[in-house]
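Take a look at the letters that make up each chain.
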Amino acid sequence: MKRMILLGGLVAVVGFATWFVMRGPNMAPASSIQVDRSEARVARGKYIYAELAHCEGCHSERDFKKFGGPLVAGMDGSGIVFPKELGLPGRIAPPNISQDPELGLGRWTDGEIIRAIREGVSRDGRALFPMMPYQNYANMSDEDVESLVAYLRSMPAVKHDVPPTKVDFPVNLFMKSAPRPVAGRVSAPDRADRLAYGKYLVSMASCENCHTKKERGEPVEGMNYAGGEPFRIPGFEAFSANISPDVETGIGGWSEEKFLDKFRGYRNFTDENLPVAVQANFTVMPWLGLRNLPDDDLKAIFAYLKTVKPVRNKVDVHPPVVSKL
Ligand code: HEC
Ligand code: HEC
């Protein structure tokens, strides 16, 4: 009898383990939508791609010898392999999302692109590593995601091949729980509701993802927006700032004007006069995109950040000596 129970238990464990390893992500078929590519849509999509959500920042070859890491000319949407110094679990390679038919999204349907962005499933049904912020983009309104696709369709093809992402065990198994189908229509928040609109922008811009310290890939509880997450590339290191409304260590003492000026100040840089990157100014903060947000958006972002929990956490954003890896 005892042996039967043991055997039954073993079968259950093996069954569970097999399911856990073999299971696919939670997914729905891609919609058959064909998005309208009006000029207004393309312009809105460009704002999301290059400024608000800075898709280009993760998906393109960049020149980190210069402040802010501008895109390498001709490589917009090229795909890239992230440097191992970032400490990610495996080879993480945001793919080519240009219109190249072989290497990019040229042959994908509009519905397949929307599903990847909001639901985290690639064309072939594979779960995407959730560093691609699809859990945030799940809230991207239908209007915005369709505008984004209209813009992506207007981009030139870039011939640049990157090897596929290869996530280490066991993260590769756990991450299959991340994708989720988006049910029904997603509407944009009312712009007149400043906090709801600010929250939406903060989510689309992934502020919290970068500004919250992580342990084993998970945000540390109670440390939301309190900064301290390291970002390393060869030779350089920066820690995200505390942008919670703590008065002493965060932005609690900042006026709205100071906040806006911080972003607008970077508008003085052009491709020609961008400073050389040094340890004291090295950053992955998408200043070069976010600096162009309209004042109205920056104000809504500031208003929302003022409502999150203040966390006392002093961060040395640019330590003078880069840690040994
Ligand atoms: C923080 C970095 C980051 C940002 C920001 C980001 N992505 Fe990604 N994206 C990734 C990574 C990493 C992958 C690959 C994941 C994988 O293969 O498991 C990916 C995958 C994708 C894919 C799937 C491509 C394929 O071949 O499977 C699409 C489409 C995509 N991203 C579009 C976008 C768009 C559009 C935006 C902006 C709204 C965006 N991404 C913003 C990191 C990012
Ligand atoms: C890709 C990661 C990343 C994203 C996304 C990001 N930040 Fe940052 N941010 C950083 C890092 C790293 C720093 C510190 C280096 C610097 O100041 O440039 C920083 C600095 C800042 C600072 C300067 C704080 C100070 O004390 O000077 C502000 C303000 C800020 N971020 C706000 C935001 C907001 C608001 C968003 C979303 C709209 C955002 N960040 C998105 C990484 C990020």
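Going by the structure above, here's the rest.
What counts, and where the lines are drawn
Here, residues in each chain are numbered from 1, in the same order as that chain's written sequence. Chains carry letters from A onward and ligands carry numbers from 1 onward, assigned in written order. With the structure being a predicted model, the display of local features is reserved for residues of pLDDT at least 70 and the display and counting of side-chain atom pairs for 80 or more, all residues being used for whole-chain, interface and lining totals. The side-chain values count all of the structure's non-hydrogen atoms but skip hydrogen atoms and water molecules. Residues form patches when they are more than 30% accessible in relative terms and have no salt bridge. Like charges link within 9 Å. Nonpolar side chains (Val, Leu, Ile, Met, Phe, Trp, Tyr) link within 5 Å. Areas reported here follow the Shrake-Rupley algorithm with a probe of radius 1.4 Å; residue values treat only the protein chains shown as occluding. In the sections that follow, a salt bridge refers to a side-chain nitrogen of Lys or Arg positioned within 4 Å of a carboxyl oxygen of Asp or Glu. For helices the rule is a DSSP run of H or I covering at least 4 residues; for strands it is a run of E covering at least 2, with both sets numbered from the N terminus onward. Throughout, the term near means that a residue has one or more heavy atoms lying within 4 Å of the molecule or strand in question. Under the rule applied, a polar contact is a pair of N or O atoms within 3.5 Å (in protein, one hydrogen donor and one hydrogen acceptor; residues adjacent in sequence only if both atoms are side-chain atoms). Residues are grouped as follows: Ala, Val, Leu, Ile, Met, Phe, Trp, Tyr, Cys and Pro are nonpolar; Asp, Glu, Lys and Arg are charged; all remaining types, including Gly, are polar. Classification of residues uses two cut-offs on accessible area relative to the type maximum, computed with a 1.4 Å probe and protein chains only: under 20% is buried, over 50% is exposed, and between them is partly exposed. Metal donors were taken as nitrogen, oxygen and sulfur atoms no farther than 2.8 Å from the ion, or 3.2 Å where the ion is Na, K or Ca. Water is excluded, so coordination may look unfinished. Metal sites are grouped by the angles between bound donors: all angles between 85 and 135 degrees with four donors is tetrahedral, opposite donors over 155 degrees apart with the others between 65 and 115 is square planar for four donors and octahedral for six, and any other pattern is irregular. We call two residues contacting when some pair of their heavy atoms lies within 4.5 Å.

**Considerations on a nonpolar patch on the surface**
So, point 1. Nonpolar side chains collect at one region of the surface, where Leu-7, Leu-10, Val-11 and Val-14 lie side by side and expose about 390 Å² of accessible area between them.
So, point 2. On the secondary structure map, Leu-7 appears in helix α1 (residues 2–22).

**Considering the site of ligand 2**
So, point 1. The full set close to ligand 2 counts 22 residues, and Cys-207, Cys-210, His-211, Thr-283 and Met-285 are the nearest of them.
So, point 2. Within the side chain of His-211, an N or O atom sits 2.8 Å from a nitrogen atom of ligand 2.
So, point 3. For ligand 2, an oxygen atom lies 2.6 Å from a polar atom in the side chain of Thr-283.
So, point 4. Mapped by element, the contributors of at least two residues to the shell around ligand 2 are α9 (207–210), α10 (256–264), α11 (287–290) and α12 (295–305).

**Looking at the site of ligand 1**
So, point 1. Of all residues adjacent to ligand 1, which total 21 residues, the nearest are Cys-55, Cys-58, His-59, Ser-122 and Met-132.
So, point 2. Between ligand 1 and His-59, the relevant distance is 2.8 Å, taken from a nitrogen atom to a side-chain nitrogen or oxygen of the residue.
So, point 3. In this structure, an oxygen atom belonging to ligand 1 sits 3.2 Å away from a side-chain N or O atom of Arg-126.
So, point 4. With three residues, helix α3 (residues 55–59) is the largest single contributor of residues to the shell around ligand 1.
So, point 5. Tallied by class, the residues present in the shell around ligand 1 amount to 17 nonpolar, three polar and one charged.

**What to know about the pattern of salt bridges**
Two side chains with opposite charge may pair up if their charged atoms get near one another.
So, point 1. Counting across every chain of the model gives 17 salt bridges.
So, point 2. Of the charged contacts in the structure, one is a salt bridge between Arg-41 and Glu-143, with a shortest N-O distance of 2.8 Å. Here Glu-143 lies in helix α6 (residues 142–154) and Arg-41 lies in helix α2 (residues 39–52), a separation of 102 residues in the sequence.
So, point 3. In this structure Arg-41 comes out as buried when scored by relative accessible area, which is 10%.
So, point 4. Across the pair Arg-312 and Glu-248 runs a salt bridge whose closest N-O atoms are separated by 3.4 Å. Taken together, the residues span a long stretch of sequence, with Arg-312 in the segment after α12 and Glu-248 in the loop between β6 (236–239) and α10 at a distance of 64 residues. Assigned by exposure class, Arg-312 and Glu-248 land together as exposed.
So, point 5. Linked through salt bridges whose partners overlap, the residues forming this network are Asp-100, Glu-102, Arg-107 and Lys-159.

**A look at the side chain of Ser-240**
So, point 1. With respect to the helices and strands, Ser-240 occurs in the loop between β6 and α10.
So, point 2. Separated by 2.8 Å, the side chain of Ser-240 and the backbone oxygen of Cys-210 make a polar contact.

**What about the coordination of the iron atom of ligand 2?**
So, point 1. Coordination of the iron atom of ligand 2 by the protein comes from His-211 (NE2) and Met-285 (SD), over a distance range of 2.0 to 2.1 Å.
So, point 2. Its six donor atoms give the iron atom of ligand 2 angles of 87 to 179° at the centre, a pattern that matches the octahedral case. Here His-211 is found in the loop between α9 and β3 (214–215), whereas its partner Met-285 is found in the loop between α10 and α11, with 74 residues between them in sequence. The burial state of His-211 is the same as that of Met-285; both residues are buried.

**So, the side chain of Asn-281**
So, point 1. Here Asn-281 lies in the loop between α10 and α11.
So, point 2. For Asn-281, a relative accessible area of 18% corresponds to the buried category.
So, point 3. Of note is the side chain of Asn-281, whose polar atom sits 2.9 Å from the backbone nitrogen of Val-278.
So, point 4. For Asn-281, the contacting residues outside a window of four places in its chain are Phe-67, Pro-275, Val-276 and His-318.

**Some thoughts on the coordination of the iron atom of ligand 1**
So, point 1. Protein coordination at the iron atom of ligand 1: the donors are His-59 (NE2) and Met-132 (SD), at 2.0 to 2.2 Å from the metal.
So, point 2. For the iron atom of ligand 1, the six donor atoms are set out with angles of 87 to 179° between them, so the coordination reads as octahedral. Taken together, the residues span a long stretch of sequence, with His-59 in helix α3 and Met-132 in the loop between α4 (110–119) and α5 (134–137) at a distance of 73 residues.
So, point 3. Accessibility expressed as a relative area gives 10% for His-59, which makes it buried.
So, point 4. Judged by its relative accessible area of 22%, Met-132 is partly exposed.

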